[in-house]
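Residues per chain are reported as follows:
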Amino acid sequence: MTDTHYDRAPGDASALPDVEQGTSSGVLVYTIGLALAVTLTAMSFWVANTSLLWAGGVSLGLTVLAIAQMGVHLVFFLHVTTGPDNTNNVMGLAFGVLIVALVVVGSLLIMADLNDNMMPAADLMNLQMQH
Amino acid sequence: MNIIVAVDDEVRHEARPSAVEAGPATKRIVVGYGFWIFLLSDIVMFAAIFAAYAVLIHATAGGPGGLQLFNQRSVAIETGCLLASSYTCGLMSLAISSRRYAVTYLAALIIFVLGAAFLALEVREFAGMIAVGAGPQRSAFLSAFFMLVGCHGLHVTAGLVWLAVMMAQVAIKGFRATVERRLLCFSLFWHALDIVWVWLFTVVYLMGVLS
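All figures in this text were calculated on a predicted structure; none of them were measured in a lab. Residue numbering note: each chain is counted from 1, following its sequence as written. Starting at A for chains and at 1 for ligands, labels are handed out in the order in which the entities are written. Per-residue local features are limited, in this predicted model, to residues with pLDDT of at least 70; the limit for side-chain atom pairs, both in listing and counting, is 80 or more; totals at the level of whole chains, interfaces and linings are taken over all residues.

1. With respect to the overall build of chain A
Then, number 1: Counting its regular elements, chain A contains four helices and zero strands.
Then, number 2: Only DSSP runs of H or I reaching four residues or more are called helices, and only runs of E reaching two or more are called strands; each is numbered from the N terminus. Shown N-terminal to C-terminal, the secondary structure of chain A runs as helices and strands in the order α-α-α-α.
Then, number 3: Counting other C-beta atoms within 10 Å of its own, a residue is labelled buried from 20 upward, exposed at 12 or fewer, and partly exposed in the gap between, with every C-beta atom placed from the backbone. Of all 131 residues assigned to chain A, the portion counted as buried reaches 23%.
Then, number 4: Considering only contacts in chain A between residues 6 or more positions apart, those separated by 24 or more positions represent 56%. The contact criterion used is a C-beta to C-beta distance within 7 Å, with each C-beta placed from the backbone.

2. Notes on the confidence of the model for chain B
Then, number 1: Taken as a whole, chain B shows an average pLDDT of 89; of its residues, 89% reach a score of 70 or greater.
Then, number 2: This prediction of the complex comes with two scores: 0.85 for pTM and 0.83 for ipTM. Within a predicted model, pLDDT stands for the predictor's per-residue confidence, ranging from 0 to 100.

3. Looking at the nonpolar core
Then, number 1: One nonpolar core equals one set of buried Ala, Val, Leu, Ile, Met, Phe, Trp, Tyr and Cys residues connected by C-beta atoms within 7 Å. Of all hydrophobic cores here, the largest spans 80 residues; its most connected members are Phe50(B), Val196(B), Leu200(B) and Val204(B).
Then, number 2: Mapped by element, the contributors of at least two residues to this core are helix H1 (23-49), helix H2 (58-77) and helix H3 (87-118) of chain A together with helix H3 (27-56), helix H5 (72-97), helix H6 (101-131), helix H7 (140-173) and helix H8 (177-208) of chain B.
Then, number 3: Among the elements that make up this core, the one with the highest residue count is H8(B) (20 residues).
Then, number 4: Excluding residues that lie within four positions of it along the chain, Val196(B) makes contacts with Ile43(B), Phe46(B) and His152(B).

4. A short note on unusual backbone geometry
Then, number 1: For His79(A), which is not glycine, the phi dihedral falls at a positive 55 degrees.
Then, number 2: As for its placement among the helices and strands, His79(A) is situated in the loop between H2 and H3.
Then, number 3: For Ala61(B), which is not glycine, the phi dihedral falls at a positive 55 degrees.
Then, number 4: Among the residues examined, Ala61(B) registers 12 C-beta atoms within 10 Å and is labelled exposed.

5. Describing the packing of H7(B) against H8(B)
All names here are of chain B.
Then, number 1: For the pair H7 and H8, the least separation of the axes is 10 Å and the interaxial angle reads 160 degrees. Overall, the two elements H7 and H8 adopt an arrangement that is roughly antiparallel. Read as a crossing pair, H7 and H8 show a hand that is left-handed.
Then, number 2: Across the contact of H7 with H8, the residue classes tally to 18 nonpolar, four polar and two charged. For helices, the fitted line uses only the C-alpha atoms of the stretch in contact; every axis is such a line through C-alpha atoms, and the angle between N-to-C directions lies from 0 to 180 degrees. Small angles under 35 degrees read as roughly parallel and large ones over 145 as roughly antiparallel, with 65 to 115 read as roughly perpendicular and the rest as oblique. Less than a right angle of anticlockwise turn of the near helix away from the far helix marks a crossing as left-handed, whereas a clockwise turn marks it as right-handed. Three residue categories are used. Nonpolar comprises Ala, Val, Leu, Ile, Met, Phe, Trp, Tyr, Cys and Pro, charged comprises Asp, Glu, Lys and Arg, and polar comprises the others, including Gly.

6. Notes on H7(B)
Then, number 1: In this scheme, a helix's expected span is set at 1.5 Å multiplied by one less than its residue total. The terminal C-alpha atoms of H7(B), which comprises 34 residues, lie 48 Å apart, in line with the 50 Å expected from a rise of 1.5 Å per residue.
Then, number 2: The positive-phi residue at the C-terminal boundary of H7(B) is Gly174(B), with phi of around 80 degrees.

7. What to know about the domain arrangement of chain A
Residues and elements named next belong to chain A.
Then, number 1: The domain limits used here are those given by an automatic or database domain assignment. Under the domain assignment, chain A is made up of domain 1 (1-81) and domain 2 (84-131).
Then, number 2: Contact residues are listed per partner, giving seven residues for domain 1 and six residues for domain 2.
Then, number 3: Broken down by class, the residue content of the side of domain 1 that touches domain 2 amounts to three nonpolar, two polar and two charged.

This is the structure:
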């Protein structure tokens, strides 16, 4: 029976009888997620405070760590998978991520551009930035 | 084909009927999906506030910036509280699906205490900032900061109230289908808040103290 079937509610672990998960394996999934999340968080705090890394790359590194941790939360805590019963959840999520990226990247780009183009003198720019 | 496969097939067929013969999806799926959409729209709202913060991050108007104001130790503890409560929330949903009242109450209590500890730390941080004259009216940067972090804090507060209400419902009504659906939505909400916090501590507190 691999034809059309029900979706899975977001946040629900797999409910198929053939891969029925006992409580202990459910606990294992959450514990792996917690361990990964703690590791990534600790790495973020280390990256932000260390002087061993090239300072210019720290922001990028922090962003990558945050994306990784978001992935860990989605997979281990919210049970988002690539399975066919999860397609609608993933599509919704993908749309949300698209809008978030448009809003954040678009705002930053436009405002940076505005600051570059509209303010001819540096002190005028300071004036604008401080009010 | 042997008997085991046949039986297995039958069981699966029963539990997972095709959409044509099964009709519309169960209410748990519909409710969960609707709440999923709401959470995504909530996160889009957070994205707008994040964008405002990122745009205004240097607009300190001569006032204090993140480097002078943020205390990483307290942020680390707050992060730990939220992460642990998210983990406990996962364990609570396991306890709910296996109908264990005592474990559910215990997990809810731990979630509540950790969430309240998070809020207490945040309120202490806000009060400390306002005490040194770095309130939301000091600069555009601080307005954006209080808006962003405060909005997340309000969400956590709402989550705690919701959790308390849900425990009252479990105590009075037991694990009914409606109560279970609301608990599913609560755990989605709580995990989503943790994802927002991941971006918050990265963008605001960690990137904010980079020179």
